[in-house]
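# Working through the structure, step by step
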Amino acid sequence: MTKMTGPLTFRRGLTIKNRFIMSPMTTKMSFFDGTVTNDEVSYYSSRAGENGAVITGAANVQDNGKGWDGELSVADDKFIPGLAKLAAVIKKNGTKAILQIFHAGRMTDSGVLHGVQPVSASAVASERPGAETPRAMESAEVTELINNFRKATRRAIEAGFDGVELHGANTYIIQQFFSPHSNRRHDEWGGSLEKRYHFIDELVDGVLDVVDKSGAKNFIVGYRFSPEEYENPGIRMSDTMYLVDKLADKPLDYLHLSENDYKRVSVSDDYKDKSILAYVHDQINGRVPLIGIGGVEGKEQAEGILNNAELVGVGIQMLLEPHFVGKVLAGHEELINHKLSRMDQDTYQISNGTWDFLTGMKPDSLID
Ligand SMILES: Cc1cc2nc3c(=O)[nH]c(=O)nc-3n(C[C@H](O)[C@H](O)[C@H](O)COP(=O)(O)O)c2cc1C
């Protein structure tokens, strides 16, 4: 089993000091236009220094990709100074700073976009209450979107980040191009599994190209994905196995499986012998490091994840206890303030009471 304390060196040369990664969690604390605030800087600062790396909450790469108010933006050069402050405070005591970049696609609305209709691969609304039907993007807009991911990567490099994570998970636009629910196109961007993957293929190559040409030393690129969708049609484990196989052959630095529970078993009958995490790890077969996540409360779950991954993502427990990693690595879990324990997927017991976290809503519809 991989040890929590061991360093890891990524393909592009960056070394992280231990296996803990603070997972991307939007703070909703940015200014109205996506500029970093002082509150955000201090929030990240208090959670850096002990983890191997911190991944920021999602930052939109173009204006119509904004998913909610208070979201980070990397859609213009004017955001670079604020992002540079964020990168600088995260890079404390050797922690590495990774900017998550994304576009919300159909998972936003014309209120957030100030009257502009959301866009997606096709004009199909998501299956959530009140979802608006998006406008299908023109082929030229798809090319422009890829170009904006490239520009966002260049800005992350200029701001001093150590890497970017492509947010291909949690139902946002990258996933929307791969999903048979949201992508009903019959052009070069859709129509078959291979063509639904075409956008991801071009996107990853485009971003890697920017990094390679930038001359940035040790700048890494990761890719986050969700394994299954509940919609019909929707992404199934067989699609994900295809995606993982393709991505593992790219010169990416890591893959990141987005889950709320690392022990989760697939809903597909053909993939019930082990956890989704184990299937994904086996499919990668050592080609690229994997971040596993979902339900880490302490050492026990972290070690459970490291049976089938090289890195451990920690989300909510890092919100509750900024020094979670330091205390776990020092063998002092008893000192963790607000220790989380899960009663079921939606309800968490915190050391001083019960917090019904996502009452009445599907977790996937809330998790950004
Ligand atoms: C408040 C909050 C905000 C989140 N924002 C993001 C985000 O911006 N990008 C993302 O990929 N995942 C986001 N997530 C999902 C987390 O990164 C993580 O996958 C999830 O919380 C499960 O990990 P955990 O059980 O350790 O909390 C968010 C989760 C929470 C609780």
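Residues numbered from 1 in each chain as written. Predicted model: local features only at pLDDT ≥ 70, side-chain atom pairs only at ≥ 80, totals over all residues. Heavy atoms only, no water.

### Focus on the confidence of the model for the chain
Of all residues in the chain, 92% attain a pLDDT of 70 or more, and the chain-wide mean is 93. Counting contacts from residues 352–368, a segment whose pLDDT is below 50, to residues more than four positions away or on other chains yields 34 contacts. (pLDDT = per-residue confidence, 0-100. Contact = heavy atoms within 4.5 Å.)

### A short note on the site of the ligand
Near the ligand there are 21 residues, and of these S23, P24, R224, G315 and I316 occur at the shortest range. The contact in question runs from a nitrogen atom of the ligand to an N or O atom on the backbone of T26, over 2.9 Å. The contact in question runs from an oxygen atom of the ligand to an N or O atom on the backbone of G315, over 2.8 Å. In the complex, the protein chains occlude 93% of the 610 Å² of accessible area that the ligand would expose alone. (Near = heavy atom within 4 Å. Polar contact = N/O pair within 3.5 Å; in protein donor to acceptor, adjacent residues only side chain to side chain. Areas by Shrake-Rupley, 256 points an atom, 1.4 Å probe, with all protein chains shown as cover.)

### Examining the packing of helix 6 (residues 237–248) against helix 7 (residues 276–284)
Interhelical geometry of helix 6 versus helix 7 gives an angle of 35 degrees and a closest axis separation of 9 Å. Note on packing geometry: the crossing formed by helix 6 with helix 7 is right-handed. In this structure, helix 6 contributes M237, M241, V244, D245 and A248 to the contact, and helix 7 contributes I276, Y279, V280, Q283 and I284. The residue inventory of the contact of helix 6 with helix 7, partitioned by class, reads eight nonpolar, one polar and one charged. (Axes fitted to C-alpha atoms, helices over the stretch in contact; angles between N-to-C directions. Helix = DSSP H or I, 4+ residues; strand = E, 2+ residues; numbered from the N terminus. Left-handed = near helix turned anticlockwise from the far one by under 90°. Nonpolar A, V, L, I, M, F, W, Y, C, P; charged D, E, K, R; others polar.)

### Some remarks on the packing of helix 2 (residues 80–90) against helix 3 (residues 139–159)
Two elements in contact, helix 2 and helix 3, have axes whose closest approach is 8 Å; the angle formed by their N-to-C orientations is 55 degrees. By the angle between their directions, the pair helix 2 and helix 3 is classed as oblique. At the point where helix 2 passes helix 3, the crossing takes the right-handed sense. Touching I80, L83, A84 and A87 of helix 2 are R154, R155, E158 and A159, all from helix 3. Split into classes, the residues belonging to the contact of helix 2 with helix 3 amount to five nonpolar, no polar and three charged. (Parallel < 35°, antiparallel > 145°, perpendicular 65-115°, else oblique.)

### Topic: the nonpolar core
Judged by nonpolar contacts, the single largest core of 86 residues is most densely connected at L83, F161, L166, Y223 and L255. Sequence-distant contacts of L255, defined by excluding residues within four places in its chain, comprise Y223, F225, V244, L247, A248, I284, V288, P289, L290 and I291. (Core = buried A, V, L, I, M, F, W, Y, C linked by side-chain atoms within 4.5 Å. Buried < 20%, exposed > 50% of the residue type's maximum accessible area, 1.4 Å probe, protein only.)

### Details of the pairing of strand 12 (residues 290–293)
Side chains L290 and G292 project from strand 12 onto one buried face, and the interleaved I291 and I293 project onto a second face that is buried too. Handedness of the β-α-β unit built from strand 11 (residues 254–257), helix 7 and strand 12 comes out right-handed. The pairing of strand 12 with strand 13 (residues 311–314) spans three bridges and is classified as parallel. Of the residues in strand 13, the one forming a bridge with I291 is L311. Taking the sense of rotation as the criterion, the β-α-β connection linking strand 12, helix 8 (residues 299–306) and strand 13 turns out right-handed. (Right-handed = clockwise from strand over helix to strand, strands pointing away. Pairing = 2+ DSSP bridges.)

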